[in-house]
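# Report on the structure
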Amino acid sequence: MPTTCCGSFRARGGRGRKLDKLPIRWIDEKEVAMFTKKLDLFSILGFRVSLDFSWFLLAVLIVWSLSEAYFPSVIENLPPETAVVMGLGGAAGLFFSIIFHEFSHALVARRYDIPISGITLFIFGGVAEMEKEPPSAKSEFLMAIAGPIASYVLAVLFYAVAYVLPAATPDAPLAAVFFYLALINTVLATFNLLPAFPLDGGRVFRAAVWWWTDNLQKATSMAAMTGRILGTMLMALGVLSVIGGAFVAGMWQALIGLFIIGAARSSEVQMVMKTLLQNVPVSRLMVADPVAVPSDTPVADMIEQYFYRFSHKVFPVVRDDTLLGSVRLHDVGQIPHEERKTLTAGHVLSRDSLDRTVTPESSVLDALDLMQEHNTSRLMVTRNGTLKGMLTMRDIMNYVTIRQEIGAAADTPRRA
């Protein structure tokens, strides 16, 4: 029976492990391709609830495993059509349970003025998406522990309902559904209390280390290490389960382990980047006076003198240093050849890029959030509408790598 590792929450946006041993990615994050295709369902108490399309795969697996294996094993002679209906009911109950779990995180976050952009359900459960890290070890602990407590409360309630219902039979199977929901909430709460990041127990562990050492980076590194250990153990158990014949359960364990390893690693990298980029202004990393295309440049000349010459895929378009927008290689490629001598850059520019600008005084961390929000690797830097520079993800990554290598070199003892 597939289960989930729901009950996490993530932030969007001393020294940890070396960056050359970690994949440098800013999640979230949209960390990955996760949460890029979502279906907004509804809002409750100001929190948006969304469904990642991967959830549908989980729903199919849940219904299939419950109707084909679990419920027929607890109720003899259960009709197949009744088992399917019970499977759908179990999946709906799990859906509610995960939302309830995540809302407990979100409500505590609101108590500490931590914005939650929404709650998303995906193939491994659910996540409350924080806009920033908790301000203290206490707030981290309370937000983390709220989820398992909520799941245990649901488990008790479901057990109570199942207890008062008639014993499960093919004609009266409802008690079995509630017993399943009580069981799954107990399992999820207990699993999430494992001290491995990004599970709730891992965040509780990080809060404890943070409170003890007063060092969030060290606490994150230790919690991420426990996450990688747990993930590796789950992957190993998954392989053994597959070898032993439990293919579905083994694959599920391995996938959850892989997810935990990736999420722990990404969280650690984010913390390292946040430390290295703290208080760094955009002006320090931007390319000043970038190559820009005058708005009256014919498209044919723009192709020859800019796209072929500089090999960029996007160029700012200006008129007397005033930024009008940007022109993209993809858009230029759609213009018929016979129109390329009459149309100019001003005719084909994209003005939506004006929403993806920062000032030289902006924080690089804020710029990264904007890149993440718009799914882009470059931002134009302006002041009062005038183009001042260009900030790219490559320049940020180069800076982070250099800072890390310089730090690593400083830590290396010199030979006499």
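Quick caveat: nothing in here was measured; it's all calculated off a predicted structure.

## Things to note about the overall build of the protein chain
Within the protein chain, the secondary structure is distributed over 13 helices and twelve strands. Among the 416 residues that make up the protein chain, the fraction classed as buried is 49%. Per element, the accessible surface of the protein chain, about 20,400 Å² overall, is 61% carbon and sulfur.

## Digging into the pairing of strand S3 (residues 47-52)
S3 sits mainly inside the fold: five of its six residues count as buried. As paired elements, strand S2 (residues 38-44) and S3 share six bridges and run antiparallel to each other. Each bridged residue has a counterpart across the sheet, and for Lys 38 the counterpart in S3 is Asp 52. Following S2, the chain reverses through two residues before pairing antiparallel with S3; Leu 45 in that reversal takes a positive phi of roughly 55 degrees. Sheet topology note: the S3/strand S4 (residues 116-122) ladder contains three bridges and is parallel. Bridge pairing in S4 places Ser 50 opposite Thr 120.

## A word on the nonpolar core
Most often, soluble globular proteins keep nonpolar side chains buried together rather than apart. If you look at the biggest cluster of nonpolar residues, it comprises 55 residues, and the most contacted ones within it are Phe 71, Tyr 180 and Ile 260. Among the elements that make up this core, the one with the highest residue count is helix H2 (residues 80-111) (ten residues). With sequence-adjacent residues up to four places away left out, Phe 71 is seen in contact with Leu 66, Leu 78, Ala 83, Met 86, Gly 87, Ala 176, Val 177 and Tyr 180. Grouped together as the second largest cluster of nonpolar side chains are 23 residues, Met 273, Leu 368, Leu 379 and Val 400 included.

## Observations concerning the packing of H2 against helix H4 (residues 174-192)
At a minimum axis distance of 10 Å, the contact between H2 and H4 shows a crossing angle of 40 degrees. The element H2 and its partner H4 pack so that their crossing is right-handed. Along the contact surface, H2 presents Met 86, Gly 89, Gly 90, Gly 93, Leu 94 and Ser 97, while H4 presents Ala 176, Val 177, Tyr 180, Leu 181, Ile 184, Asn 185 and Leu 188. Of the residues contributing to the contact of H2 with H4, the split by class is eight nonpolar, five polar and no charged.

## Let's talk about the packing of aromatic side chains
Applying the stated criterion across every chain yields a total of 13 aromatic pairs. Between Tyr 70 and Phe 71, the ring centres sit 5.2 Å apart and the planes meet at 65 degrees, which makes this aromatic pair edge-to-face. Among the residues examined, Tyr 70 registers a relative accessible area of 18% and is labelled buried. Look at Phe 71 and you get buried, because its relative accessible area is 0%.

## A short note on the confidence of the model for the protein chain
Per-residue confidence for the protein chain gives a mean pLDDT of 81, with 88% of residues at or over 70. Note on residues 12-36: pLDDT under 50 across the span, and 81 contacts to partners over four residues away in sequence or across chains. Of the regions scoring below 50 in pLDDT, residues 408-412 engages in two contacts with residues more than four places distant in sequence or in other chains.

## A closer look at a nonpolar patch on the surface
Taken together, the side chains of Leu 39, Leu 41, Phe 42, Ile 44, Leu 45, Phe 53, Phe 56 and Leu 107 make up a nonpolar region of the molecular surface, amounting to roughly 690 Å² of accessible area. Considering each element in turn, the nonpolar patch owes the most residues, four residues, to S2. Mapped onto the fold, Ile 44 is located in strand S2. The class of Ile 44 is partly exposed, set by a relative accessible area of 36%.

## Here we look at the side chain of Ser 362
Position of Ser 362 relative to the elements: it lies in the loop between strand S10 (357-358) and helix H12 (364-374). Judged by its relative accessible area of 18%, Ser 362 falls in the buried class. A polar atom in the side chain of Ser 362 sits 2.9 Å from the side chain of Thr 359. Dropping the residues within four chain positions of it, Ser 362 is found in contact with Val 280, Pro 281 and Val 282.

## Section: unusual backbone geometry
Its identity as a non-glycine residue notwithstanding, Asp 321 has a phi of 75 degrees, on the positive side. With relative accessibility at 53%, the residue Asp 321 sits in the exposed group. Even without a glycine there, the phi angle at Asn 375 is positive, about 55 degrees. Relative to the assigned elements, Asn 375 resides in the loop between H12 and strand S11 (378-383).

## Focus: the pattern of salt bridges
Taken as a whole and judged by the stated rule, the model has four salt bridges. Glu 140 is paired through a salt bridge with Arg 206; the nearest N and O atoms lie 2.5 Å apart. Pair noted here: Glu 140 is in helix H3 (residues 137-164) and Arg 206 is in helix H5 (residues 200-213), with a separation of 66 residues, a long-range link. Between Arg 383 and Glu 361 there is a salt bridge; the shortest N-O distance is 2.4 Å. Of this pair, Arg 383 sits in strand S11 while Glu 361 is found in the loop between S10 and H12, placing the two residues 22 residues apart along the sequence. By relative accessible area, which is 34% here, Arg 383 ends up partly exposed. The exposure class of Glu 361 is exposed, given its relative accessible area of 52%. Salt bridges here are not isolated pairs; linked through shared partners, they connect Glu 140, Arg 203 and Arg 206.

Thresholds applied
Residues numbered from 1 in each chain as written. Predicted model: local features only at pLDDT ≥ 70, side-chain atom pairs only at ≥ 80, totals over all residues. Heavy atoms only, no water. Helix = DSSP H or I, 4+ residues; strand = E, 2+ residues; numbered from the N terminus. Buried < 20%, exposed > 50% of the residue type's maximum accessible area, 1.4 Å probe, protein only. Areas by Shrake-Rupley, 256 points an atom, 1.4 Å probe, with all protein chains shown as cover. Pairing = 2+ DSSP bridges. Core = buried A, V, L, I, M, F, W, Y, C linked by side-chain atoms within 4.5 Å. Contact = heavy atoms within 4.5 Å. Axes fitted to C-alpha atoms, helices over the stretch in contact; angles between N-to-C directions. Left-handed = near helix turned anticlockwise from the far one by under 90°. Nonpolar A, V, L, I, M, F, W, Y, C, P; charged D, E, K, R; others polar. Phe/Tyr/Trp six-rings, centres within 6.5 Å; stacked < 30°, edge-to-face > 60°. pLDDT = per-residue confidence, 0-100. Patch = residues over 30% accessible without salt bridge, like charges linked within 9 Å, V, L, I, M, F, W, Y side chains within 5 Å. Salt bridge = Lys/Arg side-chain N within 4 Å of Asp/Glu carboxyl O. Polar contact = N/O pair within 3.5 Å; in protein donor to acceptor, adjacent residues only side chain to side chain.

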